[in-house]
Amino acid sequence: MQYQSFPGVKGSSESLEKLKALYLPSLKGKRFIDLGCNEGYFCGYAWFDGAAESIGIDRSEQAIGRARARFPECRFLAQSWEQLPDGKFDVILLASALHYAADQEVLLHQLMDKLNQDGVLVLEIGIVTSDKSEWVSVKRSIDERLFPTRYKLMEVLAPYAWKIVSRSVAQAGDPIGRFVVHVRPMRPFVYLMLENPGSGKSTIARTLFARSQVPVVSGDVVYHRIKEGRLEVPPVLKETVEAGLAIGGNDQAAQKVLTAGLTGELVDVWCGLGGEQDFALDSYVPKRFRDAICAAFEVRGYVPVQLNWEMERSGSDRDLAASRAERYTSLLAQRASVTDFPAFEVRRLPARQIKSHIFKWHLDYPAEGQMFEAGSQVQLAGWMLPATNEQANYRCYVRSGPVVEYFDFNRQREDVIKLFGQHADMKPSTSGFYGFAHTLPPLLAGAGFEFGFELAGKRIPVAHIKVRSASKPNLLMARLKQKLRTRLTNVAG
Ligand SMILES: C[S@@+](CC[C@H](N)C(=O)[O-])C[C@H]1O[C@@H](n2cnc3c(N)ncnc32)[C@H](O)[C@@H]1O
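This section reports on the structure supplied with the text.

Cut-offs used in this document
Residues numbered from 1 in each chain as written. Predicted model: local features only at pLDDT ≥ 70, side-chain atom pairs only at ≥ 80, totals over all residues. Heavy atoms only, no water. Helix = DSSP H or I, 4+ residues; strand = E, 2+ residues; numbered from the N terminus. Buried < 20%, exposed > 50% of the residue type's maximum accessible area, 1.4 Å probe, protein only. Contact = heavy atoms within 4.5 Å. Areas by Shrake-Rupley, 256 points an atom, 1.4 Å probe, with all protein chains shown as cover. 1 Å grid on protein atoms, 1.4 Å probe; cavity = no way out; pocket = protein on both sides within 12 Å on 5 of 7 lines; lining within 4 Å. Points joined across faces, edges and corners; volume = space filled by probe spheres on them. Nonpolar A, V, L, I, M, F, W, Y, C, P; charged D, E, K, R; others polar. Phe/Tyr/Trp six-rings, centres within 6.5 Å; stacked < 30°, edge-to-face > 60°. Lys NZ or Arg CZ within 6 Å of the ring centre and 35° of its normal. Pairing = 2+ DSSP bridges. Axes fitted to C-alpha atoms, helices over the stretch in contact; angles between N-to-C directions. Parallel < 35°, antiparallel > 145°, perpendicular 65-115°, else oblique. Left-handed = near helix turned anticlockwise from the far one by under 90°. Arc of directions from axis to C-beta. Near = heavy atom within 4 Å. Polar contact = N/O pair within 3.5 Å; in protein donor to acceptor, adjacent residues only side chain to side chain. Sits in = over half its atoms within 2 Å of the grid points. Expected span 1.5 Å × (residues − 1).

**Details of the overall build of the protein**
Now for step 1: Within the protein one finds 15 helices and 21 strands.
Now for step 2: Buried residues in the protein amount to 43% of all 493 residues.
Now for step 3: Once local pairs closer than 6 in sequence are excluded, the contacts in the protein between residues at least 24 apart make up 65%.
Now for step 4: Carbon and sulfur atoms make up 52% of the accessible area of the protein, which amounts to about 27100 Å² in all.

If you want it as structure tokens, here you go:
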């Protein structure tokens, strides 16, 4: 009985419609085989589409005889699919034939073993609707055969990557639906995070991947291990990485390596660390090299999944951030010239008057120009290293008119001792402290005061501190200017 349909001869199967439903990949240059090929309809298509080799197998001598007559360009074998030609295939087709196999599961696994790493098995099969995982015996007009339920198919194909790609063309009297399933060998995924520095790659690596126990290869770590000789790599790669790191760190290492055409060498290192399993790569790659990186992973048997996400990229906009900061500084300077707040004026007394007693001193605050807030307490803090090598009692004082307030050194200030201690010819103070921090009442601070140290009972003034009041005319001017600016901005807006 005629099964396949050709122009001028109509079989029980609509071969053209089946061909459309199969969604065959491009067969150009590929090695193709059709098992249960019948009169060779699909082998002829593979030859037409540019397959490097198109082979058909059918146990029916008669079908093979007709196939040879139709498509002498193809190779046809009159035998069972239990015996397959040597070598691997890019595309294996098994259409409306699996149910004839003595052991369908065994045949499926055998066919998957005959596929190249990036090959595909195209199945066209009947699937029984059921929520159980089982082979169901189905009565057809010509015979009774076993067909899988969808759950059985899921179970059998679990070791592979597979997808039901379409519903196939029905044949008269079909008791169950026919579907087309593409099955591929499982390949490891590599999740590529190649975005610009500062876009959040490492955070995603740490959260999403590390938490899901997907190993992460960090490009930065790789460059440093290469530099330190802790990874065995081709000498040219090591030299290039070193050159990049020397001029500008990891980003430059990436630029240099990829510009030098060492993509393959670098991807080999990443694959070596990731292993033949799913892994994530956290490594900046300039945009123009990203396609080449994906291609290099594909060639090495991985499925590259490039991750893209939107994020404000602090890394890529460094220049922009710097220029914005500069413009803000100009605004602050402009403001300072037109605004006027009450502020501290700190006048240090000439050093020569105190240098026989004091080696160095400093007032951290109030600082010259520091804003004074009427009614608030004022912090006075700083340090002093005495010039005397006599062990003595030191104190600080502030004097405002007849009022004098003394306070002790109460901070260690190791930072100061580290910086200047070895230059000062001094003995430690009895307290061991060189720093002070003291709170002044607002009234005293606002009135202005003398600040100094008391050494061996002698008061040594070191600074006069007063509050410079806001000049009213300036404030008025500032407000006027601000109003004018706001109005101009509104008009422009
Ligand atoms: C229903 S036809 C499908 C033909 C073709 N695949 C199509 O879809 O147009 C099934 C074909 O499988 C062949 N066949 C059945 N068991 C086979 C086996 N063990 N080895 C090779 N061919 C077999 C039959 O001879 C028949 O030509």
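**Regarding the layout of surface pockets**
Now for step 1: Considering only enclosed or pocket space, the largest pocket measures out at about 1200 Å³ in volume.
Now for step 2: As for the largest pocket, its lining consists of 46 residues, of which Tyr-3, Asn-38, Ser-96, Tyr-100 and Ile-142 are closest to the centre.
Now for step 3: For the lining of the largest pocket, the class distribution of residues is 17 nonpolar, 17 polar and 12 charged.
Now for step 4: As a volume, the second largest pocket reaches approximately 170 Å³.
Now for step 5: If you trace the second largest pocket, you find 15 residues lining it, with Pro-197, Lys-201, Ser-202, Asp-220 and Asp-282 closest to the centre.
Now for step 6: Secondary-structure elements contributing two or more residues to the lining of the second largest pocket are helix H6 (201-211), helix H7 (219-227) and helix H9 (250-259).
Now for step 7: Across the lining of the second largest pocket, the residue classes break down as 2 nonpolar, 9 polar and 4 charged.

**Looking at the packing of aromatic side chains**
Now for step 1: For the structure shown, the criterion picks out 20 aromatic pairs.
Now for step 2: For the ring pair Phe-344 and Phe-372, a centre distance of 5.5 Å and an interplane angle of 85° mean the geometry is edge-to-face. You can see Phe-344 sitting in strand E14 (residues 343-348) and its partner Phe-372 sitting in the loop between strand E15 (358-365) and strand E16 (378-386), a full 28 residues away along the chain.
Now for step 3: Ring geometry for Trp-361 and Phe-453: centres 6.3 Å apart, planes at 70°, overall edge-to-face. Of this pair, Trp-361 sits in strand E15 while Phe-453 sits in strand E20 (residues 449-455); the two residues are 92 residues apart in sequence, bridging distant segments of the chain. For the pair Trp-361 and Phe-453, one class covers both residues: buried.
Now for step 4: Three or more aromatic residues link up through ring pairs in this structure, and these residues are Trp-361, Phe-407, Phe-409, Phe-436, Phe-451 and Phe-453.
Now for step 5: The ring of Trp-361 carries Arg-348 above its face, with NZ or CZ at 3.9 Å from the centroid.
Now for step 6: The residue whose ring lies beneath Arg-459 is Tyr-397, and the NZ or CZ to ring-centre distance is 5.3 Å.

**Some remarks on the sheet that holds strand E2 (residues 53-58)**
Now for step 1: If you trace the 7 strands from one edge of the open sheet to the other, you get E3-E2-E1-E4-E5-E9-E8, paired in mixed fashion. Every interior strand has two partners, whereas the edge strands, strand E3 (75-78) and strand E8 (160-167), have only one. With direction set aside, neighbouring strand axes in the sheet form an average angle of 15°.
Now for step 2: Pairing of E2 with E3, which is carried by 4 bridges, proceeds in the parallel orientation.

**Considerations on empty space enclosed by the protein**
Now for step 1: Under the counting rule described, the total for this entry stands at 1 cavity of 30 Å³ or more.
Now for step 2: Quantified by volume, the largest cavity comes out at close to 40 Å³.
Now for step 3: Taken together, Leu-98, His-99, Gln-104, Ile-125, Gly-126, Leu-146, Phe-147 and Pro-148 form the lining of the largest cavity.
Now for step 4: Counting residues per element, the ones that place at least two in the lining of the largest cavity are strand E5 (115-127) and strand E7 (144-148).
Now for step 5: Taken together, the residues of the lining of the largest cavity sort by class into 5 nonpolar, 3 polar and no charged.

**Some thoughts on the packing of helix H1 (residues 15-22) against helix H2 (residues 41-48)**
Now for step 1: Viewed as axis vectors pointing N to C, H1 and H2 meet at an angle of 55°, and their least axial separation amounts to 11 Å. Relative to H2, H1 is oriented oblique. Where H1 crosses over H2, the two elements pack in a sense that is right-handed. Residues Ser-15, Leu-16, Lys-18, Leu-19 and Leu-22 of H1 form the contact with H2, whose participating residues are Tyr-41, Phe-42 and Tyr-45.

**A word on the sheet that holds strand E17 (residues 394-400)**
Now for step 1: Ordered in space as E14-E21-E20-E17-E18, the 5 strands form an open sheet in which the pairing is antiparallel. Both outer strands of the open sheet, E14 and strand E18 (403-408), are each paired with one neighbouring strand and no more. Within the sheet, the average angular offset between the axes of one strand and its neighbour, ignoring direction, is 25°.
Now for step 2: Across 7 bridges, the pairing between E20 and strand E21 (residues 458-468) is antiparallel.

**Regarding H7**
Given 3.6 residues to a turn, an α-helix orients residues that are three or four positions apart in the same direction.
Now for step 1: For H7, the complete set of buried residues consists of Gly-219, Val-222, Tyr-223 and Ile-226. The buried side chains of H7 occupy one side of the element, clustering within an arc of 100° when seen end-on.
Now for step 2: On its buried face, H7 sits against strand E11 (216-218), helix H8 (235-248), H9, helix H10 (263-274) and strand E12 (279-282).
Now for step 3: In the segment just after H7, Gly-229 is the residue with positive phi, at about 75°.

**Some remarks on the site of the ligand**
Now for step 1: The full set close to the ligand counts 15 residues, and Gln-4, Lys-18, Gly-36, Asp-58 and Ala-95 are the nearest of them.
Now for step 2: One of the backbone N or O atoms of Ala-95 is found 2.8 Å from a nitrogen atom in the ligand.
Now for step 3: Computed on the free molecule, the ligand has an accessible area of 600 Å², of which 92% lies beneath the protein chains in the complex.
Now for step 4: More than half of the atoms of the ligand fall within 2 Å of the grid points belonging to the largest pocket.

**Remarks on the side chain of Ser-13**
Now for step 1: Turning to its location among the elements, Ser-13 is positioned in the segment before H1.
Now for step 2: For Ser-13, a relative accessible area of 2% corresponds to the buried category.

**Examining H10**
Now for step 1: Relative to the 16 Å expected for 12 residues at 1.5 Å per residue, H10 spans 16 Å between its end C-alpha atoms, a close match to the ideal helical length.
Now for step 2: Burial in H10 covers these residues: Thr-263, Leu-266, Val-267, Val-269, Trp-270, Cys-271 and Gly-274.
Now for step 3: Each element contacted by the buried residues of H10 is listed here: E11, H7, H8, H9, E12 and helix H11 (290-299).
Now for step 4: Gly-275, located one to two residues past H10, shows a positive phi value of around 80°.

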